[in-house]
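Observations on the three-dimensional arrangement
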Amino acid sequence: MFITLEGPDGSGKSMQVPALADFIREQGFEVLTTREPGGTFIGDQIREVIMRMDNKSMNPRTEILLFCAARAQIVAEVIRPQLERGAVVLSDRYADSTLAYQGYGHGIDLGTLQSILNFATGGLKPDLTLLFDVDVETGLSRRQKGGGEWNRLDDYELAFHNRVRHGYLELANCEPARWKVIDASQSPQQVQLDLRSAVLASIGSR
Ligand code: TYD
């Protein structure tokens with residue numbers, strides 16, 4: 001089973017991953033967690049190039065191809081083999097990040113992105129996508145307070161982040177069977193409980 005976590009910057013996704021992985025293990029599954037961009041030796045090098053503050057002049061098309069190059073590597077090297085062994089793969093971001101950020105955020109044609117994503121992933125789609133939904137101001141201020149690395153991508157204007165958020169909500173609306181929207185403005189404990197019940201429901205329905 002392939003589960004992805006998606007959401008705007010500062011939505012608190014990453015901090016929820018370890019406890020959610022433990023919970024799925026308690027249900028009797030082997031779990032592997034990954035994150036994008038990165039997650040492989042080659043992908044981590046690509047991540048460096050994408051995130052460097054001094055790569056400000058990066059063309060949006062270059063950025064798309066780099067995200068998708070890192071993704072092609074992790075799908076082939078890690079995600080597919082683990083799924084074939086019967087493990088649950090829990091990925092912090094996946095293809096929907098490209099649709100939300102590069103598609104809705106930067107205005108790159110969604111159909112074109114879908115073709116590139118299909119090529120990169122060989123058509124691998126998540127079984128369940130958990131969307132951490134939080135308003136943009138809360139997300140960005142959490143991120144600043146959290147003292148996390150402040151990278152080049154955080155410098156985009158608020159309007160960009162709003163387009164990303166609404167893009168995610170539109171994607172979730174188009175495919176309600178795959179997506180579960182989580183209210184990420186709640187306490188971390190409540191968010192974790194909501195994640196667990198969404199995962200249990202999805203496991204139960206399979
Ligand atoms: P990261 O520091 O990993 O942030 P987060 O904890 O929010 O996941 O940075 C990832 C950034 O890259 C984030 O701003 C989203 C962006 N991104 C894209 O624009 N497109 C993509 O395809 C992916 C995977 C990430």
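Refer to the structure presented above.
Structural notes, computed from the coordinates. (Residues numbered from 1 in each chain as written. Predicted model: local features only at pLDDT ≥ 70, side-chain atom pairs only at ≥ 80, totals over all residues. Heavy atoms only, no water.)

A few points about the packing of helix H1 (residues 13-26) against helix H8 (residues 188-204)
Two measures define how a pair of helices packs: the angle their axes make with one another and the distance between the axes. Defined as follows: Each axis is a line fitted through C-alpha atoms, taken for helices only over the stretch in contact, and angles between the N-to-C directions span 0 to 180 degrees. Helical segments are the DSSP runs of H or I of at least four residues, strand segments are the runs of E of at least two, and each set is numbered from the N terminus. Throughout, the term roughly parallel applies to angles under 35 degrees, roughly antiparallel to angles over 145, roughly perpendicular to angles from 65 to 115, and oblique to all others. Crossings are sorted by hand: turned counterclockwise from the far helix by less than a right angle, the near helix makes the crossing left-handed, and turned clockwise it makes it right-handed. When checking whether two residues touch, look at their non-hydrogen atoms; a contact exists if any pair is within 4.5 Å.
Two elements in contact, H1 and H8, have axes whose closest approach is 10 Å; the angle formed by their N-to-C orientations is 40 degrees. By the angle between their directions, the pair H1 and H8 is classed as oblique. With respect to the hand of their crossing, H1 and H8 are arranged in right-handed fashion. Of the residues in H8, those in contact with Met15, Gln16, Ala19, Leu20, Phe23 and Ile24 of H1 are Pro188, Val191, Gln192, Leu195, Arg196, Val199 and Leu200.

Structural notes on the nonpolar core
Note the threshold: We call a set of buried residues a nonpolar core when its members are Ala, Val, Leu, Ile, Met, Phe, Trp, Tyr or Cys and they connect through side-chain atoms within 4.5 Å of each other. Summary of the burial criterion: residues with accessible area below 20% of their type's maximum are buried, those above 50% are exposed, and those between are partly exposed, where the area comes from a 1.4 Å probe applied to protein chains only.
Phe2, Ile79, Tyr94, Leu124 and Tyr168 are the most contacted members of the largest nonpolar core, which totals 26 residues. Counting residues per element, the ones that place at least two in this core are helix H3 (60-84), helix H4 (95-105), helix H5 (110-121) and helix H7 (158-174). Judged by nonpolar contacts, the second largest core, of 21 residues, contains Met1, Leu5, Ala21 and Leu130.

Topic: the pattern of salt bridges
Rule in force here: The rule for a salt bridge is simple: a side-chain nitrogen of Lys or Arg has to be within 4 Å of a carboxyl oxygen of Asp or Glu.
Per the counting criterion, the structure on display carries 10 salt bridges. Between Asp54 and Arg52 there is a salt bridge whose closest N-O contact spans 2.8 Å. Given a relative accessible area of 54%, Asp54 falls into the exposed group. Between Arg178 and Asp96 there is a salt bridge whose closest N-O contact spans 2.8 Å. One end of the pair, Arg178, is in the loop between H7 and strand S5 (179-183); the other, Asp96, is in helix H4, and 82 residues separate them in sequence. The two residues Arg178 and Asp96 agree in class, both being buried. Several salt bridges converge on common partners, so that one network encompasses Asp96, Lys125, Glu175 and Arg178.

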